[in-house]
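Structural overview for review
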Amino acid sequence: MLKIAIDAMGGDFGCEPIIKGVCEALEQKDFHAVLVGDEDQIRPMIPKKYEKKVSFVQANEVFPMGELATDVLKKKETSIFKAVDLVKDGLCEAVVSAGHSGATMSLATLRIGRIKGVSRPGIATLMPTTLKGKKTLVLDVGANVDCKPENLFEFAVMGEAYAKQILKIQNPKIGLLSNGEEDCKGNELTKESFTLLSKMQSFAGNAEGNQIFDGSVDVIVCDGFVGNILLKTSEGVASAISKIIKQNLKKSPFATFGAILMKRVFKRLKIQIDYDEYGGAPLLGIKNCVIISHGKSTPKAIKNAIFQAIKFAQSDITSVIESELSTFSDKK
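Owing to the predicted nature of the structure, the values given are computational and were not obtained by experimental measurement.

**Looking at a nonpolar patch on the surface**
On the surface, Val 145, Phe 225, Val 226 and Ile 229 cluster together to form a nonpolar patch covering roughly 350 Å² of accessible area. Positionally, Ile 229 belongs in helix H8 (residues 224-249). Taking the relative accessible area as the measure of exposure, Ile 229 reaches 44% and is therefore partly exposed.

**So, the nonpolar core**
Counting 64 residues, the largest nonpolar core has Ile 4, Leu 35 and Ile 306 as the members making the most contacts within it. Examining the composition of this core, we find that nine residues originate from one element, helix H5 (residues 149-165), more than from any other. Discounting residues that sit within four places of it in the chain, Leu 35 has contacts with Ile 6, Ile 19, Val 22, Ile 42, Ile 46, Val 54, Ser 55, Phe 56 and Val 57. With 37 residues, the next largest nonpolar core counts Ile 112, Cys 222, Ile 286 and Ile 292 among its residues.

**Digging into the environment of Leu 176**
Turning to its location among the elements, Leu 176 is positioned in strand E7 (residues 174-177). Leu 176 gets classed as buried once you look at its relative accessible area, which sits at 0%. Between the alpha carbons of Leu 176 and Phe 153 there is a distance of 9.6 Å; along the sequence they are 23 residues apart. Other than its neighbours up to four places away in sequence, Leu 176 contacts Leu 152, Thr 190, Ser 193, Phe 194, Leu 197, Phe 203, Gly 205, Asn 206, Ala 207 and Val 221.

**Looking at the packing of helix H3 (residues 79-88) against helix H4 (residues 101-112)**
Look at H3 against H4: their axes get within 10 Å of each other, and the N-to-C directions meet at 35°. The crossing of H3 and H4 is right-handed. Between H3 and H4, the contacting residues are Ile 80, Phe 81, Val 84, Asp 85, Val 87 and Lys 88 on the first element and Thr 104, Leu 107, Ala 108, Arg 111 and Ile 112 on the second. Of the residues in the contact of H3 with H4, the class split is seven nonpolar, one polar and three charged.

**Digging into the pattern of salt bridges**
Scanning the model with the defined rule gives eleven salt bridges in all. Between Lys 296 and Asp 12 there is a salt bridge, with the nearest N and O atoms lying 3.4 Å from each other. With a gap of 284 residues between them, Lys 296 in the loop between strand E11 (289-292) and helix H11 (299-313) and Asp 12 in the loop between strand E1 (3-7) and helix H1 (16-28) connect regions that are remote in the sequence.

**Here we look at the sheet that holds E11**
Strand order in the open sheet made by the eleven strands is E3-E2-E1-E4-E11-E10-E5-E6-E9-E7-E8, with mixed pairing throughout. With one partner strand each, in any of the chains shown, strand E3 (54-58) and strand E8 (203-207) form the two edges of the open sheet. Direction aside, neighbouring strands of the sheet carry axes that sit 25° apart on average. Pairing of E1 with strand E2 (residues 32-37), which is carried by five bridges, proceeds in the parallel orientation. Looking at the pairing, Ala 5 lines up with Val 34 of E2. Its contacts with the sheet put H4 on strand E4 (94-97), strand E10 (281-284) and E11, and the angle it makes with E11 is roughly 170°.

**Overview of the pairing of E7**
Side chains on a regular strand alternate between the two faces of the sheet. Burial along E7 is two-sided: Ile 174 and Leu 176 facing one way and Gly 175 and Leu 177 facing the other are all buried. Considered for its hand, the β-α-β crossover made up of E7, helix H6 (residues 188-197) and E8 is right-handed. Pairing between E7 and strand E9 (residues 219-221): three bridges, direction parallel. Considered in E9, the bridge of Leu 176 is made with Val 221.

**Details of the state of the cysteines**
For the structure on display, the rule yields zero disulfides. Not part of a disulfide, Cys 92 finds its nearest cysteine sulfur in Cys 289, a span of 11 Å.

**Regarding the packing of H1 against H11**
Contact pair H1 / H11: the axes reach a minimum separation of 7 Å and the direction vectors enclose 50°. Looking at the two axes, H1 sits oblique to H11. By crossing handedness, the relation of H1 to H11 is classed as right-handed. Between H1 and H11, the contacting residues are Pro 17, Ile 18, Lys 20, Gly 21, Val 22, Glu 24, Ala 25 and Gln 28 on the first element and Pro 299, Lys 300, Ile 302, Lys 303, Ile 306 and Phe 307 on the second. Each residue belonging to the contact of H1 with H11 can be placed in one class, and the counts come to eight nonpolar, two polar and four charged.

**Quick notes on H6**
Among all positions in H6, only Leu 189, Thr 190, Ser 193, Phe 194, Leu 196 and Leu 197 are buried. Along the axis of H6, the buried positions cluster into a sector of 165°, meaning they face one direction only. Along H6, exposed side chains directed more than 90 degrees from the buried face belong to Glu 188 and Thr 195. Where H6 is buried, its residues contact H5, E7, E8 and E9. The backbone nitrogen of Leu 189 has a side-chain oxygen 3.2 Å away, supplied by the residue at the start of H6, namely Asn 187.

Thresholds, definitions, all that
Residues numbered from 1 in each chain as written. Predicted model: local features only at pLDDT ≥ 70, side-chain atom pairs only at ≥ 80, totals over all residues. Heavy atoms only, no water. Patch = residues over 30% accessible without salt bridge, like charges linked within 9 Å, V, L, I, M, F, W, Y side chains within 5 Å. Areas by Shrake-Rupley, 256 points an atom, 1.4 Å probe, with all protein chains shown as cover. Salt bridge = Lys/Arg side-chain N within 4 Å of Asp/Glu carboxyl O. Helix = DSSP H or I, 4+ residues; strand = E, 2+ residues; numbered from the N terminus. Buried < 20%, exposed > 50% of the residue type's maximum accessible area, 1.4 Å probe, protein only. Core = buried A, V, L, I, M, F, W, Y, C linked by side-chain atoms within 4.5 Å. Contact = heavy atoms within 4.5 Å. Axes fitted to C-alpha atoms, helices over the stretch in contact; angles between N-to-C directions. Left-handed = near helix turned anticlockwise from the far one by under 90°. Nonpolar A, V, L, I, M, F, W, Y, C, P; charged D, E, K, R; others polar. Pairing = 2+ DSSP bridges. Right-handed = clockwise from strand over helix to strand, strands pointing away. Disulfide = S-S within 2.5 Å. Parallel < 35°, antiparallel > 145°, perpendicular 65-115°, else oblique. Arc of directions from axis to C-beta. Polar contact = N/O pair within 3.5 Å; in protein donor to acceptor, adjacent residues only side chain to side chain.

As C-alpha coordinates, this is what we get:
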(Lines give C-alpha, C1' and ligand atoms only; values in the text may rest on other atoms or scores of the structure.)
Protein backbone atom coordinates (compact mmCIF):
# COMPACT_ATOMS: atom_id res chain seq x y z
CA MET A 1 0.00 0.00 0.00
CA LEU A 2 1.23 3.49 -0.89
CA LYS A 3 2.64 5.29 2.16
CA ILE A 4 2.48 9.07 2.46
CA ALA A 5 4.33 11.04 5.14
CA ILE A 6 2.24 13.91 6.52
CA ASP A 7 3.82 16.78 8.44
CA ALA A 8 1.02 16.89 11.00
CA MET A 9 2.29 19.93 12.91
CA GLY A 10 3.44 22.36 10.21
CA GLY A 11 0.29 24.37 9.45
CA ASP A 12 -0.63 27.79 10.83
CA PHE A 13 -3.57 26.34 12.77
CA GLY A 14 -1.87 23.34 14.35
CA CYS A 15 -2.62 19.70 13.72
CA GLU A 16 -6.45 19.71 13.79
CA PRO A 17 -7.22 20.77 10.16
CA ILE A 18 -4.40 18.56 8.91
CA ILE A 19 -5.68 15.45 10.69
CA LYS A 20 -9.23 16.16 9.54
CA GLY A 21 -7.96 16.42 5.97
CA VAL A 22 -6.09 13.14 6.32
CA CYS A 23 -9.23 11.40 7.58
CA GLU A 24 -11.27 12.81 4.67
CA ALA A 25 -8.65 11.50 2.26
CA LEU A 26 -8.63 8.06 3.91
CA GLU A 27 -12.40 7.93 3.47
CA GLN A 28 -12.01 8.22 -0.31
CA LYS A 29 -8.61 6.75 -1.21
CA ASP A 30 -6.67 3.63 -0.32
CA PHE A 31 -3.30 4.61 1.18
CA HIS A 32 -1.39 4.51 4.46
CA ALA A 33 -0.84 7.81 6.29
CA VAL A 34 2.33 8.20 8.35
CA LEU A 35 1.62 11.11 10.68
CA VAL A 36 4.69 12.95 11.94
CA GLY A 37 4.29 15.06 15.06
CA ASP A 38 3.23 14.91 18.71
CA GLU A 39 1.49 11.54 18.95
CA ASP A 40 -0.26 12.49 22.20
CA GLN A 41 -2.07 15.29 20.33
CA ILE A 42 -2.64 13.43 17.08
CA ARG A 43 -3.78 9.94 18.10
CA PRO A 44 -7.02 11.01 19.87
CA MET A 45 -8.15 12.74 16.65
CA ILE A 46 -8.03 9.53 14.59
CA PRO A 47 -11.36 7.63 14.41
CA LYS A 48 -11.07 3.92 15.19
CA LYS A 49 -12.09 2.91 11.66
CA TYR A 50 -8.85 4.46 10.29
CA GLU A 51 -6.44 3.11 12.91
CA LYS A 52 -5.11 0.32 10.65
CA LYS A 53 -4.35 2.83 7.89
CA VAL A 54 -2.43 5.23 10.13
CA SER A 55 0.93 5.06 11.89
CA PHE A 56 2.86 7.64 13.90
CA VAL A 57 6.38 9.02 14.00
CA GLN A 58 7.11 11.13 17.06
CA ALA A 59 8.46 14.64 16.47
CA ASN A 60 8.94 16.92 19.44
CA GLU A 61 9.50 20.19 17.58
CA VAL A 62 7.79 22.34 14.95
CA PHE A 63 9.93 24.44 12.62
CA PRO A 64 8.80 28.10 13.06
CA MET A 65 7.58 30.05 10.03
CA GLY A 66 9.81 32.98 10.92
CA GLU A 67 13.07 31.02 10.80
CA LEU A 68 15.49 30.99 7.87
CA ALA A 69 14.87 27.99 5.63
CA THR A 70 18.47 26.77 5.86
CA ASP A 71 18.26 26.59 9.67
CA VAL A 72 15.98 23.56 9.35
CA LEU A 73 19.00 21.38 8.60
CA LYS A 74 20.05 21.80 12.24
CA LYS A 75 16.55 20.97 13.54
CA LYS A 76 16.48 17.20 13.20
CA GLU A 77 13.67 16.76 15.74
CA THR A 78 11.17 18.90 13.78
CA SER A 79 8.14 17.30 12.14
CA ILE A 80 9.13 18.46 8.64
CA PHE A 81 12.69 17.10 8.96
CA LYS A 82 11.44 13.68 10.05
CA ALA A 83 8.68 13.62 7.42
CA VAL A 84 11.12 14.33 4.59
CA ASP A 85 13.56 11.73 5.93
CA LEU A 86 10.85 9.06 5.74
CA VAL A 87 10.88 9.59 1.98
CA LYS A 88 14.68 9.82 1.84
CA ASP A 89 14.96 6.47 3.63
CA GLY A 90 12.42 4.82 1.32
CA LEU A 91 9.84 4.29 4.06
CA CYS A 92 7.28 6.53 2.31
CA GLU A 93 6.68 7.37 -1.36
CA ALA A 94 5.60 10.99 -0.85
CA VAL A 95 5.52 13.81 1.68
CA VAL A 96 2.89 16.51 2.24
CA SER A 97 3.56 19.58 4.38
CA ALA A 98 1.70 22.80 5.14
CA GLY A 99 4.69 24.08 7.08
CA HIS A 100 7.56 26.39 6.15
CA SER A 101 7.74 26.07 2.35
CA GLY A 102 11.37 27.19 2.15
CA ALA A 103 12.37 24.65 4.78
CA THR A 104 10.48 21.90 2.96
CA MET A 105 12.22 22.78 -0.29
CA SER A 106 15.67 22.91 1.34
CA LEU A 107 15.21 19.55 3.05
CA ALA A 108 13.78 17.92 -0.07
CA THR A 109 16.67 19.17 -2.21
CA LEU A 110 19.43 18.23 0.22
CA ARG A 111 17.99 15.12 1.87
CA ILE A 112 16.00 13.46 -0.93
CA GLY A 113 18.04 14.93 -3.77
CA ARG A 114 17.42 16.27 -7.27
CA ILE A 115 16.60 14.29 -10.38
CA LYS A 116 19.66 13.83 -12.58
CA GLY A 117 19.94 16.80 -14.93
CA VAL A 118 17.95 19.19 -12.70
CA SER A 119 20.01 22.08 -11.33
CA ARG A 120 17.15 23.63 -9.35
CA PRO A 121 13.71 22.27 -8.45
CA GLY A 122 10.68 24.44 -9.13
CA ILE A 123 7.34 24.90 -7.38
CA ALA A 124 4.42 24.42 -9.77
CA THR A 125 0.83 25.52 -9.30
CA LEU A 126 -2.41 25.24 -11.26
CA MET A 127 -4.23 28.41 -12.29
CA PRO A 128 -7.90 28.56 -13.39
CA THR A 129 -8.81 29.47 -16.97
CA THR A 130 -11.94 30.61 -18.80
CA LEU A 131 -12.17 27.21 -20.52
CA LYS A 132 -14.27 24.61 -18.73
CA GLY A 133 -12.14 21.97 -17.03
CA LYS A 134 -8.89 23.57 -18.24
CA LYS A 135 -6.04 24.66 -15.96
CA THR A 136 -2.71 26.31 -16.67
CA LEU A 137 0.38 24.98 -14.90
CA VAL A 138 2.76 27.78 -13.86
CA LEU A 139 6.31 27.31 -12.58
CA ASP A 140 8.38 28.43 -10.81
CA VAL A 141 6.16 30.26 -8.29
CA GLY A 142 8.66 30.84 -5.52
CA ALA A 143 11.50 28.35 -5.20
CA ASN A 144 14.09 30.37 -7.16
CA VAL A 145 13.99 34.16 -7.17
CA ASP A 146 17.13 34.41 -9.32
CA CYS A 147 17.29 32.16 -12.37
CA LYS A 148 19.46 31.47 -15.37
CA PRO A 149 18.09 30.54 -18.82
CA GLU A 150 19.06 26.91 -18.14
CA ASN A 151 16.76 26.88 -15.11
CA LEU A 152 13.77 28.09 -17.12
CA PHE A 153 14.49 25.46 -19.75
CA GLU A 154 14.45 22.78 -17.06
CA PHE A 155 11.18 24.18 -15.70
CA ALA A 156 9.70 23.84 -19.19
CA VAL A 157 10.79 20.19 -19.48
CA MET A 158 9.45 19.40 -16.00
CA GLY A 159 6.21 21.27 -16.66
CA GLU A 160 5.67 19.40 -19.91
CA ALA A 161 6.24 16.07 -18.12
CA TYR A 162 3.74 17.03 -15.39
CA ALA A 163 1.16 18.07 -17.98
CA LYS A 164 1.50 14.73 -19.76
CA GLN A 165 1.81 12.40 -16.77
CA ILE A 166 -0.49 14.04 -14.21
CA LEU A 167 -2.86 16.31 -16.15
CA LYS A 168 -3.08 13.79 -19.03
CA ILE A 169 -2.58 16.42 -21.75
CA GLN A 170 -1.24 14.56 -24.77
CA ASN A 171 0.46 17.47 -26.56
CA PRO A 172 0.86 20.33 -24.07
CA LYS A 173 1.80 23.81 -25.27
CA ILE A 174 4.61 25.56 -23.38
CA GLY A 175 4.73 29.35 -23.05
CA LEU A 176 7.47 31.64 -21.71
CA LEU A 177 6.02 34.45 -19.58
CA SER A 178 7.06 37.78 -21.08
CA ASN A 179 5.83 41.33 -21.68
CA GLY A 180 4.79 40.59 -25.26
CA GLU A 181 4.19 37.73 -27.67
CA GLU A 182 6.84 38.88 -30.14
CA ASP A 183 10.11 36.93 -30.16
CA CYS A 184 12.11 40.10 -29.50
CA LYS A 185 10.19 41.05 -26.32
CA GLY A 186 11.41 40.44 -22.77
CA ASN A 187 14.42 41.06 -20.56
CA GLU A 188 17.81 39.39 -20.96
CA LEU A 189 16.68 36.31 -19.04
CA THR A 190 13.59 35.68 -21.16
CA LYS A 191 15.37 36.44 -24.45
CA GLU A 192 18.12 33.92 -23.72
CA SER A 193 15.56 31.44 -22.37
CA PHE A 194 13.53 31.82 -25.57
CA THR A 195 16.50 30.51 -27.57
CA LEU A 196 16.83 27.44 -25.33
CA LEU A 197 13.11 26.69 -25.23
CA SER A 198 12.94 26.87 -29.02
CA LYS A 199 14.58 23.40 -29.02
CA MET A 200 11.32 21.97 -27.68
CA GLN A 201 8.63 20.98 -30.19
CA SER A 202 5.99 21.89 -27.61
CA PHE A 203 7.26 25.48 -27.22
CA ALA A 204 4.59 27.94 -28.39
CA GLY A 205 6.65 31.11 -27.84
CA ASN A 206 6.26 34.01 -25.48
CA ALA A 207 3.06 34.26 -23.46
CA GLU A 208 1.61 37.41 -21.94
CA GLY A 209 0.02 37.50 -18.51
CA ASN A 210 -3.55 37.24 -19.78
CA GLN A 211 -2.74 33.91 -21.46
CA ILE A 212 -2.39 32.29 -18.04
CA PHE A 213 -6.16 32.53 -17.71
CA ASP A 214 -7.43 32.12 -21.28
CA GLY A 215 -6.31 28.50 -21.71
CA SER A 216 -4.27 29.14 -24.87
CA VAL A 217 -1.20 27.42 -23.38
CA ASP A 218 -0.93 24.53 -20.94
CA VAL A 219 2.35 25.35 -19.15
CA ILE A 220 3.88 28.75 -18.48
CA VAL A 221 7.43 29.13 -17.18
CA CYS A 222 9.01 32.06 -15.38
CA ASP A 223 11.51 32.71 -12.59
CA GLY A 224 10.34 32.29 -9.02
CA PHE A 225 10.37 36.03 -8.26
CA VAL A 226 7.91 36.85 -11.03
CA GLY A 227 5.94 33.64 -10.45
CA ASN A 228 5.41 34.29 -6.75
CA ILE A 229 4.21 37.85 -7.39
CA LEU A 230 1.89 36.47 -10.07
CA LEU A 231 0.49 33.88 -7.66
CA LYS A 232 -0.07 36.30 -4.77
CA THR A 233 -1.55 38.96 -7.07
CA SER A 234 -3.98 36.44 -8.57
CA GLU A 235 -5.07 35.31 -5.11
CA GLY A 236 -5.58 38.94 -4.10
CA VAL A 237 -7.59 39.81 -7.22
CA ALA A 238 -9.85 36.76 -6.77
CA SER A 239 -10.51 37.71 -3.15
CA ALA A 240 -11.10 41.37 -4.03
CA ILE A 241 -13.58 40.54 -6.82
CA SER A 242 -15.56 38.32 -4.47
CA LYS A 243 -15.74 41.09 -1.83
CA ILE A 244 -16.69 43.76 -4.39
CA ILE A 245 -19.54 41.59 -5.71
CA LYS A 246 -20.85 41.00 -2.16
CA GLN A 247 -20.63 44.72 -1.31
CA ASN A 248 -22.61 45.70 -4.40
CA LEU A 249 -25.24 43.03 -3.84
CA LYS A 250 -26.04 44.49 -0.43
CA LYS A 251 -26.79 47.91 -1.94
CA SER A 252 -29.81 46.85 -4.00
CA PRO A 253 -32.74 44.50 -3.31
CA PHE A 254 -32.91 43.76 -7.05
CA ALA A 255 -29.24 42.79 -7.03
CA THR A 256 -29.87 40.54 -4.04
CA PHE A 257 -32.71 38.82 -5.91
CA GLY A 258 -30.43 38.38 -8.92
CA ALA A 259 -27.76 36.89 -6.66
CA ILE A 260 -30.19 34.22 -5.53
CA LEU A 261 -30.78 33.27 -9.16
CA MET A 262 -27.03 33.32 -9.82
CA LYS A 263 -26.14 31.22 -6.76
CA ARG A 264 -25.03 28.22 -8.82
CA VAL A 265 -22.85 30.40 -11.03
CA PHE A 266 -21.12 31.95 -8.01
CA LYS A 267 -20.62 28.48 -6.52
CA ARG A 268 -18.91 27.26 -9.69
CA LEU A 269 -16.74 30.39 -9.80
CA LYS A 270 -15.64 29.79 -6.22
CA ILE A 271 -14.65 26.22 -7.06
CA GLN A 272 -12.59 27.42 -10.05
CA ILE A 273 -10.56 29.97 -8.09
CA ASP A 274 -10.50 28.19 -4.73
CA TYR A 275 -7.00 27.13 -3.61
CA ASP A 276 -8.56 24.33 -1.57
CA GLU A 277 -9.52 22.57 -4.81
CA TYR A 278 -5.84 22.00 -5.64
CA GLY A 279 -4.54 21.59 -2.10
CA GLY A 280 -0.85 22.08 -2.71
CA ALA A 281 1.96 22.73 -5.12
CA PRO A 282 4.27 19.94 -6.30
CA LEU A 283 8.00 20.56 -6.01
CA LEU A 284 9.20 19.36 -9.40
CA GLY A 285 12.76 18.16 -9.92
CA ILE A 286 13.06 16.12 -6.71
CA LYS A 287 13.58 12.34 -6.90
CA ASN A 288 10.36 11.65 -4.98
CA CYS A 289 7.01 13.37 -4.56
CA VAL A 290 6.95 16.49 -2.38
CA ILE A 291 3.71 18.50 -2.07
CA ILE A 292 3.89 21.96 -0.47
CA SER A 293 0.58 23.16 0.95
CA HIS A 294 -0.43 26.61 2.16
CA GLY A 295 0.09 27.30 5.86
CA LYS A 296 -3.59 28.23 6.16
CA SER A 297 -4.76 24.98 4.52
CA THR A 298 -8.22 23.75 5.42
CA PRO A 299 -9.03 20.03 5.79
CA LYS A 300 -10.28 20.10 2.18
CA ALA A 301 -6.95 21.52 0.98
CA ILE A 302 -5.00 18.85 2.86
CA LYS A 303 -7.24 16.14 1.43
CA ASN A 304 -6.65 17.36 -2.11
CA ALA A 305 -2.91 17.74 -1.48
CA ILE A 306 -2.85 14.06 -0.50
CA PHE A 307 -4.78 13.19 -3.67
CA GLN A 308 -2.13 15.05 -5.66
CA ALA A 309 0.60 13.13 -3.86
CA ILE A 310 -1.07 9.79 -4.63
CA LYS A 311 -1.42 10.60 -8.34
CA PHE A 312 2.16 11.90 -8.49
CA ALA A 313 3.68 8.93 -6.65
CA GLN A 314 1.87 6.47 -8.92
CA SER A 315 3.10 8.14 -12.12
CA ASP A 316 6.36 7.82 -14.08
CA ILE A 317 7.03 11.55 -14.01
CA THR A 318 10.47 11.32 -12.36
CA SER A 319 11.88 8.95 -14.98
CA VAL A 320 10.23 10.97 -17.77
CA ILE A 321 11.89 14.20 -16.60
CA GLU A 322 15.28 12.53 -16.33
CA SER A 323 14.92 10.94 -19.76
CA GLU A 324 13.83 14.18 -21.44
CA LEU A 325 16.65 16.23 -19.90
CA SER A 326 19.14 13.55 -20.92
CA THR A 327 17.83 13.65 -24.51
CA PHE A 328 18.29 17.41 -24.77
CA SER A 329 21.71 17.17 -23.10
CA ASP A 330 22.83 14.65 -25.75
CA LYS A 331 21.79 17.07 -28.52
CA LYS A 332 24.05 19.86 -27.26
